[in-house]
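Residues per chain, in single letters:
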Amino acid sequence: MRSATYDYFGKPTEVLSLGDSPIPEPKADEVRVKTILASIHNHDLLTIRGQYGFKPKLPAIAGSEAFGVIDAVGSEVKDLTVGQRVAAASVQATWAEYFVASADMIFPIPESLDDEMAAQLIAMPLSALMLIEFLEVESGQWIIHNAANGAVGKSLAMLAAARGIHTINLVRSKDALDELTALGIKNNVTTSDEDWKEQVQQIVGDDKISAAVDSVGGEDSGDVLSLLGHGGTFAVFGAMSGKPIVLNPTHMIFKQAVMKGFWGSKLSQEMSVENKKRLIDELIDRAVDGQLKLPVEGVFDLADIVKAVDGKLQSSKNGKVLIKP
């Protein structure tokens, strides 16, 4: 089968290539999926660089999320059948014509959901939904988060709104601001404005911000923490700047803030099947009724994998880049 493989960790455009790999056989508790579309995520690119929390055995096939049709089932699989439309995330080797995964990591997708939505439904939106529950926020409360124009940031804002939770969505440019507005997302603030913190306070009014999510690192982390309300939760989601977080200890102490690290892939793997199904059912409902929108930047043939992972495309994209095997 065709596959996007790499023999060494390194820059994705330099180590990835189109390979010819054996079609995998499912174990007793696994299913094999014929891939229709697969997503490219930032954590996939970090994995290829050898900079993620999980390092595959080399040589490896890249990818961690995909949508397709079940092609074969293991002898112990009960509730999944050949021909079903399914999606999977937090799995391995999805940038290929076929992949195998444990049955408890595979979720049926209704006909009412289109292929491009299904191919990116679980990893980022599920992370966003898990993050909302991780923060223990309720309807009427406020979350502030940076890098809000990223895949998780957009999903967080839309899914929180559907639950009645308010978000302050921080971005760095007017273009990113317009991108959020076009999706119907409200309370967007660009940190390029000198008075952006005052803008946040005007939006929140007399309420307090119950939770903050930092995906950037560096001094941006401290800026977000400074706006957190007393007793709030500060979650570290990522470090897009590549810099260590810089926090004012005075804010941590006198706000009595709680700081926690969030690793969605790990939590997803440890979550019970029943709980994960509950969240995915919510994602499907939100996607079908239009409350969750997942834009697509482009669809690339697997043979064009180097173009699909190019840094310029990935840094400027306004939606998910998908691969078609």
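Residues numbered from 1 in each chain as written. Predicted model: local features only at pLDDT ≥ 70, side-chain atom pairs only at ≥ 80, totals over all residues. Heavy atoms only, no water.

Q: Would you explain the environment of Glu116 in this entry?
A: Residue position: Glu116 is located in helix H3 (residues 115-118). Taking relative accessible area as the criterion, Glu116 reaches 35% and is therefore assigned partly exposed. Placed 33 residues apart in sequence, Glu116 and Asn149 show a C-alpha to C-alpha distance of 19 Å. (Helix = DSSP H or I, 4+ residues; strand = E, 2+ residues; numbered from the N terminus. Buried < 20%, exposed > 50% of the residue type's maximum accessible area, 1.4 Å probe, protein only.)

Q: It is not clear to me how the packing of helix H4 (residues 123-134) against helix H11 (residues 273-288) should be interpreted in this structure. Could you clarify?
A: Any two packed helices are characterised by the angle at which their axes cross and by the distance between the axes. Contact geometry of H4 with H11 gives a least axis separation of 10 Å together with a crossing angle of 115°. For the pair H4 and H11, the sense of crossing is right-handed. Together, Pro125, Leu126, Leu129, Met130 and Glu133 of H4 and Lys276, Arg278, Leu279, Ile280, Glu282 and Leu283 of H11 make up the contact between the two elements. By residue class, the composition of the contact of H4 with H11 is seven nonpolar, no polar and four charged. (Axes fitted to C-alpha atoms, helices over the stretch in contact; angles between N-to-C directions. Left-handed = near helix turned anticlockwise from the far one by under 90°. Contact = heavy atoms within 4.5 Å. Nonpolar A, V, L, I, M, F, W, Y, C, P; charged D, E, K, R; others polar.)

Q: Is there a simple way to explain helix H2 (residues 42-49) in this structure?
A: The periodicity of an α-helix, 3.6 residues per turn, causes residues three or four places apart in sequence to face the same way. For H2, the set of buried residues is His43, Asp44, Leu45, Thr47 and Ile48. Gly50 occupies a position one or two residues after H2 and carries a positive phi of about 80°.

Q: Sorry, what's going on with the sheet that holds strand S10 (residues 166-171) here?
A: Paired through backbone hydrogen bonds, the strands of a sheet run either parallel or antiparallel to each other. Spatially, six strands are ordered S11-S10-S9-S12-S13-S14 in an open sheet, and the strand pairing comes out parallel. Here the strands that pair on one side only, and so sit at the sheet edges, are strand S11 (188-190) and strand S14 (258-261). Averaged over all neighbouring strand pairs, the angle between strand axes comes to 20°, with direction disregarded. Sitting on the sheet, helix H5 (residues 151-162) is in contact with strand S9 (142-145) and S10, with an inclination near 160° to S10. (Pairing = 2+ DSSP bridges.)

Q: Got a minute to help me understand the packing of aromatic side chains in this structure?
A: Ring pairs (aromatic) are described by centroid distance and by the angle formed between their planes. Within this structure, the stated rule accounts for four aromatic pairs. Look at Tyr52 and Trp263: their rings are 6.0 Å apart centre to centre, the planes differ by 85°, and that puts the pair in the edge-to-face class. Taken together, the residues Tyr52 in the loop between H2 and strand S4 (60-61) and Trp263 in the loop between S14 and helix H10 (264-270) connect sequence positions 211 residues apart. On the basis of relative accessible area, Trp263 is assigned to the partly exposed category, the value being 36%. Ring plane angle 20° and centroid distance 5.7 Å describe the contact between Phe237 and Phe262, whose orientation is recorded as stacked. One end of the pair, Phe237, is in the loop between strand S13 (233-236) and helix H9 (249-254); the other, Phe262, is in the loop between S14 and H10, with 25 residues separating them in the sequence. You can call Phe237 partly exposed: its relative accessible area is 26%. What links up through ring pairs into an aromatic cluster is the set Phe134, Phe237 and Phe262. (Phe/Tyr/Trp six-rings, centres within 6.5 Å; stacked < 30°, edge-to-face > 60°.)

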